[in-house]
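Chain by chain, the residues:
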There are 2 protein chains.
Amino acid sequence: MDLDLRLVRAFVAVAEEEHVGRAAERLYLSQPGLTKQIRRLEGVLGVRLVERQGRGIRLTPAGEAFVVEARSLLRRAERAVAAARRAARAHGGEVLVGFVPPIPGPVSVRLAELDVPLELRRVDWHRRGELLGGGEIDLCLLPLPIGPGPFRHIVLWREPRVAGFPTRHRLAGRSELSIDELAEEPIVDLPTHREYWCVDPRPDGRSPRYGPLVHSVEEMLEVVSQGRAMCITSASVAEFYRPPGVVFVPILDIAPAEFAVVWHPDHLTDAAAEVRRRLAPSPETS
Amino acid sequence: MDLDLRLVRAFVAVAEEEHVGRAAERLYLSQPGLTKQIRRLEGVLGVRLVERQGRGIRLTPAGEAFVVEARSLLRRAERAVAAARRAARAHGGEVLVGFVPPIPGPVSVRLAELDVPLELRRVDWHRRGELLGGGEIDLCLLPLPIGPGPFRHIVLWREPRVAGFPTRHRLAGRSELSIDELAEEPIVDLPTHREYWCVDPRPDGRSPRYGPLVHSVEEMLEVVSQGRAMCITSASVAEFYRPPGVVFVPILDIAPAEFAVVWHPDHLTDAAAEVRRRLAPSPETS
DNA sequence: CAGATCCATGCTTCCAGGCTATGGATCGGA
DNA sequence: TCCGATCCATAGCCTGGAAGCATGGATCTG
């Protein structure tokens with residue numbers, strides 16, 4: 001009768017890894033502990049979910065059916081939590097503003113000048129969608145582009161994009177660059193929005209050469225400082241981070257970086273709408 | 001981070017009762033225990049959900065928002081469990097048939113003659129919808145009418161409806177009746193489908209007089225045996241139950257009782273479809 | 001066939017959660 | 001205004017169960 005969401009989480013992890021040991025590691029749990037959690041869950045359901053399959057495990061048909069519902073259930077749980085927190089914030093007139101660092105200085109100043117009671121929270125780039133969609137944050141400040149979705153945004157700030165090089169790179173001493181000069185330079189690969197940040201295709205219609213795949217700004221700067229690739233990023237990154245062994249040079253002939261405030265139209269509280277208006281009186285863009 | 005569904009259940013109960021003591025009783029829990037569960041849930045959410053309001057409690061705005069999501073979350077949890085069990089049954093070729101007693105004898109015989117591996121489960125009348133809708137049972141045998149919903153059904157059996165009287169009632173000795181003879185008799189009230197089972201309106205266009213409201217067959221028979229009202233039910237009830245102090249008399253001039261097999265079109269496994277076909281080769285009715 | 005890999009089981013420890021008793025706050029009636 | 005009734009919150013004690021460690025057993029690989 002009583003389903004424990006921790007067990008559901010455990011099962012989903014096992015189903016994804018198809019390996020109890022790795023899943024246990026991911027959950028910061030011992031392997032026997034995780035095995036027993038799965039057994040408990042099976043006990044509650046009265047159904048076998050996984051079977052030993054030689055080395056490793058395999059989901060039973062029931063497990064396959066359950067994992068689908070389980071994922072959706074966990075999302076709903078997050079949503080329920082977020083709904084309660086959002087209602088509490090809305091009632092207190094508070095606004096929770098997420099941001100994907102760095103925030104350009106001028107935007108930061110404008111934010112500080114509002115006298116609305118607001119809270120700031122750092123948001124990982126890859127979680128921005130679920131946080132906004134689930135209503136866990138009211139607004140989010142981030143660099144465009146954002147992916148598809150029901151979100152609305154207004155651009156708050158534009159600034160040049162810059163190239164990042166290891167210190168000893170042949171172009172590291174330049175004061176400005178054209179994108180055409182970077183045709184042969186390997187560039188760090190990104191999981192999303194490669195077209196924009198890697199400028200692919202280049203003006204001549206060709207694709208750049210890709211280096212290692214990175215999942216965060218920190219990783220990207222590390223890879224660059226090691227000399228394994230160059231990167232293209234916003235001027236604010238150059239200002240905000242001071243990575244040793246990396247120098248930045250403005251690129252003159254590509255579109256600027258754009259920083260926007262983004263929100264989910266269904267979850268816009270009155271206070272959040274007010275903040276949004278005072279940050280950007282201009283009309284919204286989809 | 002980790003939401004415990006038991007706490008969610010506890011909170012929903014408190015929200016419904018607006019009274020910790022009563023909710024605790026309903027959950028078979030001590031009052032302090034329940035209070036602590038609510039506090040724990042509030043701790044997890046980081047938000048107050050209830051406030052003391054003089055004698056009793058009141059939901060905060062966050063509580064109001066959460067209770068809506070919470071209910072939906074609990075339903076999803078039930079659905080997830082049901083999905084796993086159904087998949088396991090489907091894989092084993094098993095069929096779980098619910099029934100709202102009584103099952104007419106001939107239907108019971110037909111069911112016994114199938115050599116499919118099937119399991120029978122008694123289902124409370126008021127839970128038939130959620131059980132079928134959630135996929136916890138594959139088919140359900142029950143008396144019509146069923147309420148609105150996506151369900152499909154085939155009538156398996158028809159039989160006369162009968163009036164139930166206390167033994168000393170003036171009509172208790174009759175061998176048959178017309179509905180018109182019951183115009184002045186108080187009849188037990190039902191939460192749903194009153195039109196059909198209480199024959200309201202009567203052929204003359206008027207409504208019957210209503211007696212106590214009952215929620216189950218057992219309650220109904222008890223009320224009748226106490227002489228507080230009469231009832232109209234199916235002949236199978238007269239056969240299946242033998243309540244002391246109640247006698248049954250057929251009513252000739254109203255539509256018969258109909259027993260049907262019902263299913264949810266989205267949750268019909270192959271094996272269940274086979275059982276359905278062999279129970280009732282006739283074409284389905286919406 | 002031996003070794004490696006990986007899940008299952010037995011045993012022990014420890015903490016979370018439940019209950020009883022009691023305190024504290026509010027409401028209603030005299 | 002005061003007293004009693006009602007109801008939620010807190011404190012302290014105790015038990016059940018969940019987690020970890022060590023080890024066994026099954027399967028695959030070279």
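Parameters and conventions
- Residues numbered from 1 in each chain as written.
- Chains lettered and ligands numbered in written order.
- Predicted model: local features only at pLDDT ≥ 70, side-chain atom pairs only at ≥ 80, totals over all residues.
- Heavy atoms only, no water.
- Near = heavy atom within 4 Å.
- Polar contact = N/O pair within 3.5 Å; in protein donor to acceptor, adjacent residues only side chain to side chain.
- Buried < 20%, exposed > 50% of the residue type's maximum accessible area, 1.4 Å probe, protein only.
- Helix = DSSP H or I, 4+ residues; strand = E, 2+ residues; numbered from the N terminus.
- Right-handed = clockwise from strand over helix to strand, strands pointing away.
- Pairing = 2+ DSSP bridges.
- Contact = heavy atoms within 4.5 Å.
- Buried area = accessible area lost by both parts, 1.4 Å probe.
- Salt bridge = Lys/Arg side-chain N within 4 Å of Asp/Glu carboxyl O.
- Axes fitted to C-alpha atoms, helices over the stretch in contact; angles between N-to-C directions.
- Least-squares fit on C-alpha atoms with pLDDT ≥ 70 in both.
- Nonpolar A, V, L, I, M, F, W, Y, C, P; charged D, E, K, R; others polar.
- Domains from an automatic or database assignment.
- Disulfide = S-S within 2.5 Å.
- Parallel < 35°, antiparallel > 145°, perpendicular 65-115°, else oblique.
- Left-handed = near helix turned anticlockwise from the far one by under 90°.

1. Let's talk about the protein's contact with DNA strand D
Looking at DNA strand D, there are 22 residues lining it, with Ser30, Lys36 and Gln37 of chain A together with Val20 and Arg39 of chain B nearest. Among atoms of DNA strand D positioned within 4 Å of the protein, sugar and phosphate together represent 68%. Arg6 of chain A has a polar side-chain atom sitting 3.3 Å from a phosphate oxygen of DNA strand D. At a separation of 3.1 Å, a base nitrogen of DNA strand D approaches a polar side-chain atom of Gln31 of chain B.

2. Observations regarding the pairing of strand S3 (residues 95–99) of chain B
Residues and elements named next belong to chain B. A large share of S3 lies buried, amounting to five of its five residues. Here S3 shows a buried face lined by Val95, Val97 and Phe99 and a second buried face lined by Leu96 and Gly98. For the handedness criterion, the β-α-β arrangement of S3, helix H5 (residues 105–113) and strand S4 (residues 118–122) is classed as right-handed. As paired strands, S3 and strand S5 (residues 139–143) are joined by three bridges and run parallel to one another. Residue Gly98 lies in a different strand from S5, and its bridge partner there is Cys140.

3. Observations regarding the interface of chain B and chain A
On the side of chain A, 28 residues touch chain B, which itself brings 28 residues to the contact. Its largest share of buried area at the contact with chain A, chain B owes to Asp2, Glu69 and Arg76 of chain B, together 19% of the area lost on that side. Our count for the contact surface shared by chain B and chain A stands at four salt bridges. With a closest N to O distance of 3.0 Å, Asp2 of chain A and Arg9 of chain B form a salt bridge. Counting every contact that joins chain B to chain A gives nine residue pairs in polar contact (both at pLDDT 80 or more). For the side of chain B that touches chain A, the secondary-structure elements that each account for two or more residues are helix H1 (5–17), helix H3 (31–45) and helix H4 (61–92) of chain B. The greatest single-element share of the side of chain B that touches chain A, amounting to 19 residues, is contributed by H4 of chain B.

4. Quick notes on the sheet that holds strand S12 (residues 257–263) of chain A
All names here are of chain A. Read across the sheet, five strands follow the order S4-S3-S5-S12-S6 without closing on themselves; strand pairing throughout is mixed. Each edge of the open sheet carries a strand with a single partner, namely strand S4 (118–122) and strand S6 (152–159). Within this sheet the neighbouring strands show an average axis-to-axis angle of 20°, counted without direction. Bridge count for S6 against S12 is seven bridges, and the pairing is antiparallel.

5. Points about the relation of the copies chain B and chain A
For the pair chain B and chain A, the superposition axis carries a translation of 0.1 Å, the fit reaches an RMSD of 0.2 Å, and the rotation angle comes to 180°. What the rotation and shift describe, once combined, is the action of a two-fold rotation axis.

6. As for the protein's contact with DNA strand C
Among the 21 residues in the neighbourhood of DNA strand C, the closest are listed as Val20, Thr35 and Arg39 of chain A together with Ser30 and Gln37 of chain B. Atoms of DNA strand C within 4 Å of the protein: sugar and phosphate make up 71%, bases the balance. In the environment of DNA strand C, a phosphate oxygen lies 3.4 Å from a nitrogen or oxygen atom belonging to the side chain of Thr35 of chain A. Within the contact set of DNA strand C, a phosphate oxygen lies 2.8 Å away from a side-chain nitrogen or oxygen of Ser30 of chain B. Considering every element that reaches the surface near DNA strand C, the biggest residue donor is helix H3 (residues 31–45) of chain A, with five residues. Looking at the surface near DNA strand C residue by residue, the class counts come to four nonpolar, eight polar and nine charged.

7. Quick word on the domain arrangement of chain A
Residue and element names in this part refer to chain A. Domain annotation for chain A reports domain 1 (5–77), domain 2 (94–156 + 264–279) and domain 3 (161–255). The centre of domain 2, based on its C-alpha atoms, is set 26 Å off from the matching centre of domain 3. Facing 11 residues of domain 2, the contacting portion of domain 3 comprises nine residues. A buried area of about 760 Å², summed over both sides, lies between domain 2 and domain 3, and 62% of it is on carbon and sulfur atoms. The interface formed by domain 2 and domain 3 contains one salt bridge. Of the charged contacts in the structure, one is a salt bridge between Glu218 and Arg122, with a shortest N-O distance of 3.5 Å. Here domain 2 is connected to domain 3 by zero residue pairs in polar contact (both at pLDDT 80 or more).

8. As for helix H10 (residues 270–279) of chain B
Those residues of H10 of chain B lying buried are Ala271, Ala272, Ala273, Val275, Arg276 and Leu279 of chain B. Buried residues in H10 of chain B make contact with S3, H5, S4, S5, strand S6 (152–159) and strand S12 (257–263) of chain B.

9. Some thoughts on the environment of Trp157 of chain B
Residues and elements named next belong to chain B. Along the chain, the position of Trp157 falls in strand S6. In sequence terms Trp157 and Pro104 are 53 residues apart; their C-alpha atoms lie 7.8 Å from each other. Discounting chain neighbours no more than four positions away, the residues touching Trp157 are Pro104, Pro106, Val107, Ala257, Glu258 and Phe259. A polar side-chain atom of Trp157 sits 2.9 Å from a polar atom in the side chain of Glu159.

10. Examining the state of the cysteines
By the definition in use, this model includes zero disulfides over all chains. As a non-bridged cysteine, Cys231 of chain A has Cys198 of chain A as the owner of its nearest cysteine sulfur, 9.4 Å distant.

11. Section: the sheet that holds strand S11 (residues 246–250) of chain B
Residues and elements named next belong to chain B. Taken in spatial order, the three strands line up as S10-S7-S11 in an open sheet, and their pairing is antiparallel. Edge strands, defined here as strands with exactly one partner in the open sheet, are strand S10 (231–234) and S11. Put simply, the sheet's adjacent strands are angled 40° from each other on average, direction ignored. With five bridges connecting them, strand S7 (residues 161–166) and S11 associate as antiparallel partners. Bridge pairing in S11 links Gly164 to Phe248.

12. So, the packing of helix H1 (residues 5–17) of chain A against H3 of chain A
Residues and elements named next belong to chain A. One can describe the packing of H1 onto H3 by two numbers: an axis separation of 9 Å at closest approach and a directional angle of 115°. Compared by their axis directions, H1 and H3 come out roughly perpendicular. Between H1 and H3 lies a crossing whose hand is left-handed. Residues Arg6, Leu7, Val8, Ala10, Phe11 and Val14 of H1 lie in contact with H3, whose contacting residues are Leu34, Gln37, Ile38, Arg40 and Leu41.

13. Quick notes on the packing of helix H4 (residues 61–92) of chain A against H4 of chain B
When two helices pack together, their arrangement is given by the angle between the helix axes and by the axis-to-axis distance. At a minimum axis distance of 9 Å, the contact between H4 of chain A and H4 of chain B shows a crossing angle of 180°. Taken together, the axes of H4 of chain A and H4 of chain B are roughly antiparallel relative to one another.

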